[in-house]
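Examination of the molecular architecture
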Amino acid sequence: MTIDSHARPDVSPEFVDAIRAFPVHRTIRHCSATFSVSPFDIYADCPACGARIKVRSFAATTEIEGVFDAVFEWMSDPAAREAASRRRQVIEADRDE
């Protein structure tokens, strides 16, 4: 049997846990306002003062949001979307058992 190989960087169990626990929103406090935005938004508009504020940093180190961005980019390929859809179906079926 032959299996195509690809880059396999080390991925820690803690990293996988962080992805599983990743929040679906980010709470922002600015001026007198507290509001929520997507964790993937780079900018948000403050509802109190209207200022556009940067809510995601792009540091020299890789952030977990960058991993999601890479996956989102990968999923722009129709074959990748189909593969991800099939995998999600299997995961859902396993949860139901």
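Summary of the structure given here. Keep in mind that what you see is a predicted model, and the values were worked out from it rather than measured.

A few words now on the nonpolar core. Judged by nonpolar contacts, Ile-28, Ala-33, Phe-35, Val-37, Ala-44, Cys-46, Ile-53 and Val-55 together constitute the single largest core of eight residues. The element contributing the most residues to this core is strand E2 (residues 33-37), with three residues. Excluding anything up to four places from it in sequence, Ile-28 contacts Ala-33, Thr-34, Phe-35, Val-37, Ile-53 and Val-55.

The next thing to look at is the pattern of salt bridges. Tallied over the entire structure, the rule returns six salt bridges. Between Arg-20 and Asp-17 there is a salt bridge whose closest N-O contact spans 3.7 Å. Here Arg-20 and its partner Asp-17 are both found in helix H1 (residues 13-20), three residues apart, which amounts to about one turn of the helix. We classify Asp-17 as partly exposed; its relative accessible area is 44%. A salt bridge links Glu-82 to Arg-86; its shortest N-O distance comes to 3.5 Å. Taken together, the positions of Glu-82 and Arg-86, both in helix H3 (residues 78-96) and four residues apart, correspond to about one turn of that helix. Taking relative accessible area as the criterion, Glu-82 reaches 41% and is therefore assigned partly exposed. Judged by relative accessible area, Arg-86 falls into the partly exposed class, the value being 47%.

Okay, the packing of aromatic side chains next. Applying the stated rule across the entire model yields five aromatic pairs. When the centroid spacing of 5.7 Å and the interplanar angle of 25° are considered together, the rings of Phe-22 and Phe-40 count as stacked. Highlighted residues: Phe-22 in the loop between H1 and strand E1 (26-30) and Phe-40 in the loop between E2 and strand E3 (43-45), separated in sequence by 18 residues. Their ring planes at 35° and their centres at 4.7 Å tell us that Phe-22 and Phe-68 sit as a pair that is tilted.

So, about H3. The periodicity of an α-helix, 3.6 residues per turn, causes residues three or four positions apart to be oriented the same way. The end-to-end C-alpha separation of H3 is 27 Å, in line with the 27 Å expected for 19 residues at 1.5 Å each. N-cap assignment for H3: the residue whose side-chain oxygen lies 2.7 Å from the backbone N of Ala-79 is Asp-77.

Here we take up the layout of surface pockets. Regions of empty space are outlined by a rolling probe, equal in size to a water molecule, passed over the atoms. Each pocket or cavity is described by its volume, and for the largest pocket that value is around 920 Å³. Ile-19, Phe-68, Val-71, Met-75 and Ile-91 are the residues nearest the centre of the largest pocket, which is lined by 21 residues in total. Within the residue set of the lining of the largest pocket, elements represented by two or more residues are H1, helix H2 (64-74) and H3.

For the rest of this paragraph, the subject is the environment of Phe-40. The class of Phe-40 is partly exposed, set by a relative accessible area of 24%. Note: C-alpha distance between Phe-40 and Arg-56 (16 residues apart in sequence) is 7.6 Å. Look past the residues within four positions of Phe-40 in its chain and what remains in contact with it is Phe-22, Arg-56, Phe-68 and Phe-72.

Conventions used here
Residues numbered from 1 in each chain as written. Predicted model: local features only at pLDDT ≥ 70, side-chain atom pairs only at ≥ 80, totals over all residues. Heavy atoms only, no water. Core = buried A, V, L, I, M, F, W, Y, C linked by side-chain atoms within 4.5 Å. Buried < 20%, exposed > 50% of the residue type's maximum accessible area, 1.4 Å probe, protein only. Helix = DSSP H or I, 4+ residues; strand = E, 2+ residues; numbered from the N terminus. Contact = heavy atoms within 4.5 Å. Salt bridge = Lys/Arg side-chain N within 4 Å of Asp/Glu carboxyl O. Phe/Tyr/Trp six-rings, centres within 6.5 Å; stacked < 30°, edge-to-face > 60°. Expected span 1.5 Å × (residues − 1). Polar contact = N/O pair within 3.5 Å; in protein donor to acceptor, adjacent residues only side chain to side chain. 1 Å grid on protein atoms, 1.4 Å probe; cavity = no way out; pocket = protein on both sides within 12 Å on 5 of 7 lines; lining within 4 Å. Points joined across faces, edges and corners; volume = space filled by probe spheres on them.

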